[in-house]
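# Summary of the model geometry
One-letter residues, chain by chain:
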Amino acid sequence: AQSVTQPDIHITVSEGASLELRCNYSYGATPYLFWYVQSPGQGLQLLLKYFSGDTLVQGIKGFEAEFKRSQSSFNLRKPSVHWSDAAEYFCAVGAFRPGFGAGTTVTVRA
Amino acid sequence: KAGVTQTPRYLIKTRGQQVTLSCSPISGHRSVSWYQQTPGQGLQFLFEYFSETQRNKGNFPGRFSGRQFSNSRSEMNVSTLELGDSALYLCASSPGQNQPQHFGDGTRLSIL
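Since the model is a prediction, treat every value here as computed from it, not as a measurement.

### Some thoughts on the overall build of chain A
Within chain A one finds zero helices and twelve strands. Each helix (α) and strand (β) of chain A, taken in turn from the N terminus, gives the series β-β-β-β-β-β-β-β-β-β-β-β. Against the compact-globule benchmark of 13 Å for 110 residues, chain A has a radius of gyration of 13 Å, which places it among compact chains. Expressed along its principal axes, the backbone C-alpha trace of chain A runs to roughly 40 × 30 × 20 Å. Looking at chain A as a whole, 45% of its 110 residues are labelled buried. Side-chain charges of chain A comprise 9 positive and 8 negative groups, with the mean position of each set lying 5 Å from the other.

See below:
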């Protein structure tokens, strides 16, 4: 069975500071991994995906994520956060009936 | 290219009623999935349709059903509504299996 854990429910970061969101997964085979972002009142937008190949994946809006098989992790990072990055972020595993984490809410302070 | 369109955006119903939600996928996408999102349970998978056939189903009661038409548009129906069905219902489409999903903005369903 597949599952995703996002250990941090809420993270507050200063504008301009770096951001890292953690994601740990459980999956029986080579995982398909995704990060999505959701702004209030909207649906989910795909930030990036990992299927295979280079373990460092670049996404939109300056985000990147690194797949570490040994740690079953797929953490999302951004070097310098902008106020518009305040949103809820979801990690997901598996493209066939994907499982989503509970989400991490990011607050950006001026 | 137009995104995934869900109608209506907001809906208010009372217990015992039924409701139908609509989803128009991105042109060319044949897979449509539905999710329920609530503060307590997060994102939960309802079902997935591909070429008019239900391919996957989540752990929801039979009151939740769906269908997909030949043009890939999909509808979701919930009968005998309960207070706990209040949620944001999200539709997502993708070109096929193992492809990223593109989400609509959802239908906010409130049950009184």
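### Remarks on the overall build of chain B
Along the backbone of chain B there are zero helices and eleven strands. What you see for chain B is a C-alpha radius of gyration of 13 Å, in line with the 13 Å of a compact globule of 112 residues. For chain B, the spread of C-alpha atoms along the three principal axes comes to 35 × 25 × 25 Å. Expressed as a percentage of the 112 residues in chain B, the buried residues total 50%. Taking the contacts inside chain B whose residues are at least 6 apart along the sequence as the reference set, 54% of them involve residues at least 24 apart. Total accessible area on chain B stands at roughly 5200 Å², and carbon and sulfur atoms take up 46% of it. Charge separation in chain B, taken as the distance between the mean sites of 11 positive and 6 negative side-chain charges, equals 2 Å.

### Here we look at the interface of chain B and chain A
Counting residues at the interface gives 20 residues for chain B and 17 residues for chain A. Both faces considered, chain B and chain A share a buried interface measuring about 1600 Å² in area, 58% of it formed by carbon and sulfur atoms. Along the contact surface separating chain B from chain A lie zero salt bridges. Put simply, chain B and chain A have four residue pairs in polar contact (both at pLDDT 80 or more) between them. If you list the elements that add at least two residues to the side of chain B that touches chain A, you get β4 (31-38), β5 (42-50), β6 (53-57) and β9 (87-94) of chain B. When residues in the side of chain B that touches chain A are grouped by element, the largest group, three residues, is from β6 of chain B.

### Quick look at unusual backbone geometry
All names here are of chain B. Between T7 and the following residue, P8, the backbone shows a cis peptide bond with an omega angle of -10 degrees. Here the phi dihedral of E52 falls at roughly 70 degrees; this positive angle occurs in a residue that is not glycine. Looking at the secondary structure, you find E52 in the loop between β5 and β6. A residue is classified by how much of its surface remains accessible, and E52, at 48% relative accessible area, is partly exposed. Backbone geometry places T80, a non-glycine residue, at a positive phi of 45 degrees. Examined against the element boundaries, T80 turns out to sit in the loop between β8 (74-78) and β9.

### Section: the side chain of D85 of chain B
Residue and element names in this part refer to chain B. Among the secondary structure elements, D85 is positioned in the loop between β8 and β9. For D85, a relative accessible area of 3% corresponds to the buried category. The contacts of D85, once residues within four sequence positions are left out, are Q36, R63, F64, V78, T80, L109 and I111.

What counts, and at which threshold
Residues numbered from 1 in each chain as written. Chains lettered and ligands numbered in written order. Predicted model: local features only at pLDDT ≥ 70, side-chain atom pairs only at ≥ 80, totals over all residues. Heavy atoms only, no water. Helix = DSSP H or I, 4+ residues; strand = E, 2+ residues; numbered from the N terminus. Rg over C-alpha atoms; globule rule 2.2 N^0.38 Å. Buried < 20%, exposed > 50% of the residue type's maximum accessible area, 1.4 Å probe, protein only. Lys, Arg positive; Asp, Glu negative; His and termini not counted. Charge placed at Lys NZ, Arg CZ, Asp CG, Glu CD. Contact = heavy atoms within 4.5 Å. Areas by Shrake-Rupley, 256 points an atom, 1.4 Å probe, with all protein chains shown as cover. Buried area = accessible area lost by both parts, 1.4 Å probe. Salt bridge = Lys/Arg side-chain N within 4 Å of Asp/Glu carboxyl O. Polar contact = N/O pair within 3.5 Å; in protein donor to acceptor, adjacent residues only side chain to side chain.

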